[in-house]
Amino acid sequence: MLEQGNFLFNSPFLPCVFFWFFLFPVVASQIPLGSKLSVEENNLWVSPRGDFAIGFVNRSDQPYQYSVGIRFNSKSIPVPKQTVVWVAGADVTVGNKSYFQLSQNGELVLVDSLKGVTVWTSNTSELAVVSALLGDDGNLFLLNRKQEVVWQSFDNPSDTLLPGQNLPVHKTLRAASRNSVSSYYSLYMNASGQLQLKWESDVIYWSSYWSRGNPSSSNLGAVLTSGGVLQLVDHNQEPVWSVFGEDHNDSVNFRLLKLDIDGNLRMYSWVEATASWRSVWQAVENQCNVFATCGEHGICVFNASGSPECQCPFKTASSPSSKCFALNCESNYSMDTYEHTFLYGIYPPNESITITSLQQCKELCIQDPSCAAATFTNDGTAQCRVKTSPYFSGHQNPSLSSISFVKKCSDPIAVNPHAFRSSPAQSPVKRSHGLCISCVIGAASVTFVLFAIVQIGIGYFIYRRRYQILRKAALAYPGWNSKGLMMLPFTEIKDITGNFKHQIGPGMYRGELPNHQPVAVKDLENAIEERKFRAVVSKIGSIHHKNLVRLDGYCFELGHRYLVYEYVKNGSVDKYIEDDELSQRLTWKRRVDICITVARAICYLHTGCREFISHGNLKCSNVVLDKNYEPKVSEFGLGTAHLEASYGGEKDVEDFGKMVLILITGRPEVKDAWEWIYEELFQRRPEGVVDKRLDDGVDLKELERLLRIAFWCLQTNEHMRPSMGEVVKVLEGTLTVDPPPPPFSRRLSEEESLESGSKPPSPVEP
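Below is a short write-up of the structure.

Reading guide: rules and limits
- Residues numbered from 1 in each chain as written.
- Predicted model: local features only at pLDDT ≥ 70, side-chain atom pairs only at ≥ 80, totals over all residues.
- Heavy atoms only, no water.
- Disulfide = S-S within 2.5 Å.
- Helix = DSSP H or I, 4+ residues; strand = E, 2+ residues; numbered from the N terminus.
- Buried < 20%, exposed > 50% of the residue type's maximum accessible area, 1.4 Å probe, protein only.
- Salt bridge = Lys/Arg side-chain N within 4 Å of Asp/Glu carboxyl O.
- Core = buried A, V, L, I, M, F, W, Y, C linked by side-chain atoms within 4.5 Å.
- Contact = heavy atoms within 4.5 Å.

Observations regarding the state of the cysteines
So, step 1. Inspection of the entire model under this criterion finds four disulfides.
So, step 2. For cysteine 294, the disulfide goes to cysteine 310, at an S-S distance of 2.0 Å. Judged by the sign of its S-S torsion, about -95°, the cystine formed by cysteine 294 and cysteine 310 is left-handed. Of the two residues, cysteine 294 sits in the loop between β26 (276–282) and β27 (299–302) while cysteine 310 sits in strand β28 (residues 308–311), which places them 16 residues apart along the sequence. Like cysteine 294, the residue cysteine 310 is buried in the burial classification.
So, step 3. Put simply, cysteine 361 and cysteine 384 are joined by a disulfide, and their sulfur atoms are 2.1 Å apart. Judged by the sign of its S-S torsion, about 70°, the bond between cysteine 361 and cysteine 384 is right-handed.

Quick notes on the pattern of salt bridges
So, step 1. If you walk through the whole model with that rule in mind, you get 26 salt bridges.
So, step 2. Arginine 693 is paired through a salt bridge with aspartate 691; the nearest N and O atoms lie 3.0 Å apart. With respect to burial, arginine 693 and aspartate 691 carry one shared label: buried.
So, step 3. In this structure, glutamate 704 engages arginine 708 in a salt bridge whose closest nitrogen and oxygen atoms are separated by 3.0 Å. Placement of both glutamate 704 and arginine 708 in helix α11 (residues 700–713) is noted, with a separation of four residues, approximately one turn of the helix. Accessibility assignment for this pair places glutamate 704 and arginine 708 in one class, buried.
So, step 4. Among the charged side chains, a salt-bridge network with shared partners connects Arg550, Asp552, Glu566 and Lys632.

Let's talk about the nonpolar core
So, step 1. In this structure, Leu563, Val573, Val598, Phe656 and Leu731 are the most contacted members of the largest nonpolar core, which totals 76 residues.
So, step 2. Ranked by residue count, the leading element in this core is helix α8 (residues 588–608), at twelve residues.
So, step 3. Valine 598 has contacts with Leu618, Val623, Val633, Phe656 and Met659, leaving out every residue within four places of it along the chain.
So, step 4. Within the second largest apolar cluster, 36 residues are counted, among which are Ala175, Tyr185, Leu195 and Tyr344.

As structure tokens, this is what we get:
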């Protein structure tokens, strides 16, 4: 499915494939009984300001098949981008002689004239409807004589929510049916009041999280605000859970929330400057984690640019044009092994799980005729997941420890080498055959010896000429290890850095590979033992996250330890804090974004990797900004390279709190300054601590939230500090945070706490 497009407007299967035919739209404040739209007349009902219109749409993937839907109609949005936000009857289609009418008895009806049947109706004939109205919020109303709303399209959503539209517990968003997979994706609210994305009826791959009490789900509803916030609200319209689009509170004319055909829930904003829809939030950050994202077969992987795509590693040479995988072996089959790969069944989405070893897992699948594939995982318990369905999908990532086995039909052979036996009458030929083999072996041995002598001579000649040619070749085509990292000798490190000419930080140098790709080279202490160094390189090299600086290579020689990172253009955050002119580029919004992004990156290191990884030295100089001023965290995981260092997550939390205070105040790390900042927060004067070099635009609610969580991170008692996961939720606004106690004075000892019966306060409200 990824090749078909992950996003709303980059796919052949999207609302924009609907080509709207319209010649003379009907603009009216109210739509009277008897009003009709037809395919042949190509007419529309338009909202008062013209922002929305309803009419027939033609699906380009199904010629001469039409649906009735509401779309954007604003003149500021080009026709190809006027996406559909509601469809009558979801995926109901009709022929080219059909019509949609507000009948005289007050019902909206969709009639397929070719078949002579009504395929959809609003079922409002007994509600005394006298007119209809399409509002400028995109909602289609039916009104009675008292001008009361008795039916509305907002109560019958298809795959989209518009600002102000409520999704209650008994309603569902369902992705458009463009293939056999997308028709099973839906968004709904469960009995606990959580929004959940699911496939079919029992596979849940995303849930909202909130922890303010436990109200009945019947009192909750999901609402997209005009400011770009998706909220769960209670019966008093008070939010109990929220997620924010990247541009929330920005001036945006049009927004929508859509369950796309790839199974991901996304928030979109219309960007006037680029005349395009922009995704500003999505529920599942890693598209590969969406169930069945690659359809009935295939594996979701990340390409060289870091984008997810579907690949098909299961095709056989004998059937290259077949589906990705279909087990129908007429003769023999073999087992292919795929490391770092997790597979799961789709039809049905279940599998048998057995506690067993890796080799036994493979044997189980070989011995079971119904087994199509198996995945072995060992996350504390060794499990073999056997898939008996020929329909399965999965994802692949270097951070995954799982190993999968897939049955593959063996290609037919032309001749069976064991089918012939030599007879006594053929003995002369047999002797002649043996003599030929001896000749071949002798000739090969002589050739090998001569070849070796020539190679040694060439090697000695190159060595005598100071191996210049070899160095250039090696530099252009460096070695690679199993993690895909360049292995460079020290001579090449000197070459790419110009003999360490351009220093960009402590022990950090700018370099350039022969292909003109810039890199940053980190000089580590040469006292690090080989085992520790290789363990660090292996661990860091397997980490891939958009907000972590990528490790591209390393150098390990006697007395030399270097790491080669991707080069991030705008340098570290600390130089922007220290320089009065550069500091003005760090606007309030950018400083808040840095805090949130760094928190997400550290949270990923703590909980998203195969094993826990501590940064160990988080500070502003280790946060760098790319060309778009997007932050990335560098030099993570190096603490494990030092024998004397053993960092835990608590130190990262404390370092993060320090970094937040520095970003807010623009002051270096001074404990006296922290006490002053805390006093200002305690006296409810937080605006007084903000960096004076900042222009207007400081959000006081954001400021107080940042200061509160920073001082929780700085608590002397490590057990009182929040986890980075909690920090992320506070910064995103999905958890509230209590006022923190002063982190400077010594807290009660554990004995005193036990004697008094007191418990450490919690930074976040449950």
